[in-house]
Amino acid sequence: HRMIDFLEFKSNAQHLEEQIQTLCAQYERDPSLVKILPVTKGHPVTAVEYAQNYGFSAIGENWIQEAATKKQVFKSTLAW
């Protein structure tokens, strides 16, 4: 995986939120009911930091060992 910088992460997250807003309006859905869960599988602890700095409150991870390592390195109030 290519690691992006925070500005690119932020831009991508904002674009995703805009798409959700558009689709929710199109299908008459409440966008506040849609939750984005960033997944850091295969990415370094920095990816977790980006997600928290952007304002996400939870992180997804596919491998328990990788999640455990990241949780030890990056102590935060994030839900896993």
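Residues numbered from 1 in each chain as written. Predicted model: local features only at pLDDT ≥ 70, side-chain atom pairs only at ≥ 80, totals over all residues. Heavy atoms only, no water.

**Q** Quick question: what am I supposed to make of the overall build of the chain here?
**A** Helix and strand counts for the chain come out as three helices and zero strands. Tracing the chain from N to C terminus, the helices and strands come up as α-α-α. The C-alpha extent of the chain, read off along each of the three principal axes, is 40 × 25 × 20 Å. Out of the 80 residues in the chain, the part that is buried amounts to 26%. Considering only contacts in the chain between residues 6 or more positions apart, those separated by 24 or more positions represent 45%. When the accessible surface of the chain is split by element, carbon and sulfur atoms take 54% of a total near 5800 Å². With 8 positive and 9 negative side-chain charges, the chain shows a separation of 8 Å between the mean positions of the two kinds. (Helix = DSSP H or I, 4+ residues; strand = E, 2+ residues; numbered from the N terminus. Buried < 20%, exposed > 50% of the residue type's maximum accessible area, 1.4 Å probe, protein only. Contact = heavy atoms within 4.5 Å. Areas by Shrake-Rupley, 256 points an atom, 1.4 Å probe, with all protein chains shown as cover. Lys, Arg positive; Asp, Glu negative; His and termini not counted. Charge placed at Lys NZ, Arg CZ, Asp CG, Glu CD.)

**Q** Looking at this structure, how should I read the pattern of salt bridges?
**A** When charged atoms on two side chains of opposite charge get close, those side chains can pair. The tally for this structure, following the rule as stated, stands at two salt bridges. Of the charged contacts in the structure, one is a salt bridge between lysine 70 and glutamate 61, with a shortest N-O distance of 3.0 Å. Summarising the burial analysis for this pair, lysine 70 and glutamate 61 share the class buried. Across the pair lysine 70 and glutamate 66 runs a salt bridge, and its minimum N-O distance is 2.9 Å. (Salt bridge = Lys/Arg side-chain N within 4 Å of Asp/Glu carboxyl O.)

**Q** What's the story with the confidence of the model for the chain in this structure? I'm lost.
**A** Residues at a pLDDT of 70 or more form 96% of the chain, whose mean pLDDT is 91. Looking at the elements of the chain, mean pLDDT is at its lowest for helix α3 (residues 64-73), recorded as 84, and at its highest for helix α1 (residues 6-26), recorded as 97. (pLDDT = per-residue confidence, 0-100.)

**Q** Just checking my understanding: could you explain the nonpolar core for this structure?
**A** Nonpolar side chains tend to gather and get buried jointly when the protein is soluble and globular. Grouped together as the largest cluster of nonpolar side chains are eleven residues: Ile4, Phe9, Ala13, Val48, Tyr50, Ala51, Tyr54, Phe56, Ile59, Phe74 and Leu78. Put simply, the parts of the chain that give this core at least two residues each are α1 and α2 (45-54). Non-local contacts of alanine 13, meaning those with residues more than four positions away in its chain, are made with Tyr54 and Phe56. (Core = buried A, V, L, I, M, F, W, Y, C linked by side-chain atoms within 4.5 Å.)

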